[in-house]
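Here are the chains, one letter per residue:
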Amino acid sequence: MWLVRRQLDTRFERLDPDDDPDRDDRLIRELYQEFGGPLLRQVRQTTGNDLQWAEDVVQETLLRAWRNAAKLTWERGLLWAWLLTVSRRIVIDGRRRRSVRPREVEPPEADSIAVPDAADRTLAAIVVADALRGLSPDHREVIEQTYLRDRTVSEAAEILGIPPGTVKSRLYYAMRALRGVLKERGVAS
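Throughout, residues of each chain are indexed from 1 in the direction in which the sequence is written. Predicted model: local features are reported for residues with pLDDT of at least 70 only, side-chain atom pairs are reported and counted for 80 or more only, and whole-chain, interface and lining totals are derived from all residues. Calculated side-chain values reflect all of the structure's heavy atoms, with hydrogen atoms and water omitted.

Turning to the nonpolar core, a few remarks are in order. Working definition of a nonpolar core: buried Ala, Val, Leu, Ile, Met, Phe, Trp, Tyr and Cys residues. They are joined through side-chain atoms within 4.5 Å. Remark: exposure states derive from per-residue accessible area (1.4 Å probe, protein chains only) relative to the maximum for the residue type, with buried under 20%, exposed over 50%, and partly exposed in between. One finds Leu31, Val43, Trp74, Leu79 and Leu83 to be the most contacted residues of the largest nonpolar core, which totals 19 residues. Those elements that place two or more of their residues in this core are helix H1 (23–46), helix H2 (51–67) and helix H3 (76–100). When residues in this core are grouped by element, the largest group, six residues, is from H2. Helix and strand labels come from DSSP, where a helix needs a run of H or I of at least four residues and a strand needs a run of E of at least two; each type is numbered from the N terminus.

Secondary-structure assignment places Ser87 in helix H3. Excluding residues that lie within four positions of it along the chain, Ser87 makes contacts with Leu39, Val43, Val57 and Thr61. We call two residues in contact whenever any of their non-hydrogen atoms come within 4.5 Å of each other.

Turning next to the confidence of the model for the protein. The score called pLDDT rates the predictor's confidence residue by residue, from a low of 0 to a high of 100. Averaged over every residue, the pLDDT of the protein is 82; the share at 70 or more is 86%. Predicted confidence in the protein is weakest over strand E1 (residues 3–6), with a mean pLDDT of 41, and strongest over helix H6 (residues 153–160), with 93. Here residues 1–16 is modelled with pLDDT under 50, and outside its nearest four sequence neighbours on either side it reaches 41 contacts, counting other chains as well.

Below, the discussion takes up the layout of surface pockets. There is about 210 Å³ of room inside the largest pocket. Throughout, the protein atoms alone are placed on a 1 Å grid, and a set of points is a cavity if a 1.4 Å probe fits but cannot get out or a pocket if it is open with protein on both sides within 12 Å along at least five of seven lines; lining residues have an atom within 4 Å of a point. Lining the largest pocket are Trp53, Gly94, Arg97, Arg98, Arg101, Pro102, Arg103 and Glu104. A per-element tally of the lining of the largest pocket places H3 first, with three residues. Three classes are used: nonpolar for Ala, Val, Leu, Ile, Met, Phe, Trp, Tyr, Cys and Pro, charged for Asp, Glu, Lys and Arg, and polar for all others, with Gly counted as polar. Classifying every residue of the lining of the largest pocket gives two nonpolar, one polar and five charged. Grid points are joined across faces, edges and corners, and a volume is the space filled by probe spheres set on the points.

Moving on: unusual backbone geometry. The phi angle at Asn49 is positive, at roughly 65°, despite the residue not being glycine. Locating Asn49 in the fold gives a position in the loop between H1 and H2.

Axis angle and axis distance: for two packed helices, these are the angle between their axes and the distance between the axes, and together they describe the pair. Between helix H4 (residues 119–132) and helix H7 (residues 164–184), the shortest axis-to-axis distance is 9 Å and the interhelical angle comes to 115°. The crossing of H4 and H7 is right-handed. Residues Val127, Ala131 and Leu132 of H4 form the contact with H7, whose participating residues are Leu178, Val181 and Leu182. By residue class, the composition of the contact of H4 with H7 is six nonpolar, no polar and no charged. Helix axes are fitted only over the stretch in contact, all axes being lines through C-alpha atoms; the angle between N-to-C directions runs from 0 to 180 degrees. Should the near helix be turned counterclockwise from the far one by less than a right angle, the crossing is left-handed, whereas a clockwise turn marks it as right-handed.

Stacked, edge-to-face and tilted labels apply to pairs of Phe, Tyr and Trp rings (six-membered ring for Trp) whose centres lie within 6.5 Å, assigned for plane angles under 30 degrees, over 60, and everything in between, in that order. Counting across every chain of the model gives two aromatic pairs. Between Phe35 and Trp80, the ring centres sit 6.0 Å apart and the planes meet at 15°, which makes this aromatic pair stacked. With Phe35 in helix H1 and Trp80 in helix H3, the pair connects residues that are 45 residues apart, well separated along the chain. Classification of Phe35 by relative accessible area gives buried; the value is 0%. Look at Tyr172 and Tyr173: their rings are 5.0 Å apart centre to centre, the planes differ by 80°, and that puts the pair in the edge-to-face class. Tyr173 sits in the partly exposed class, given a relative accessible area of 45%. Look at NZ for Lys and CZ for Arg. If either is within 6 Å of the ring centre and within 35 degrees of the ring normal, a charge sits over the ring. The ring of Trp53 has Arg98 lying over it, and the distance from NZ or CZ to the ring centre is 3.9 Å.

Moving on to the environment of Gly36. Note on placement: Gly36 falls in helix H1. Along the backbone, Gly36 and Val58 are 22 residues apart, and their C-alpha atoms lie at a distance of 7.0 Å. Beyond its immediate chain neighbours, meaning those up to four positions away, Gly36 contacts Leu31, Val58 and Leu62.

This is the structure we're talking about:
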């Protein structure tokens, strides 16, 4: 089992493991010094400029190099190619993992979850009924017969005893007045 040390001319030489008790610390430190920066720049491009993910990939890549130190060829060019290959595979695995797993989201607070009920319809009915009281009796009768009792203009005219044209004009002005009352109360825009 041979370990590596960086020389002044930036070449690596193999050392006998028995020569140096701090070989593991020095190996990982020298791997980071020699390849950390360039590898980070390269990995940032493959991660879409995600610095945090790129740092994680570089750390994992250099950790794998340290674990496989005995199996690696320590020529600078071959080691660089090995590091690039490993980092690329880590990024690919990360992309696959992210695409399979659904995105994590925070659960909504119990107070913010809408529960379907009839409260909105009831409130709207109360507001409209109150606004109808603000209309004249003729306008209120026409709206009641056509909208609330779901009758045609002819049926409403027959019940009210007025011509259909009068029902239409009263209905037009009644709706206009109703919108005005609702707008005054801040309900309609």
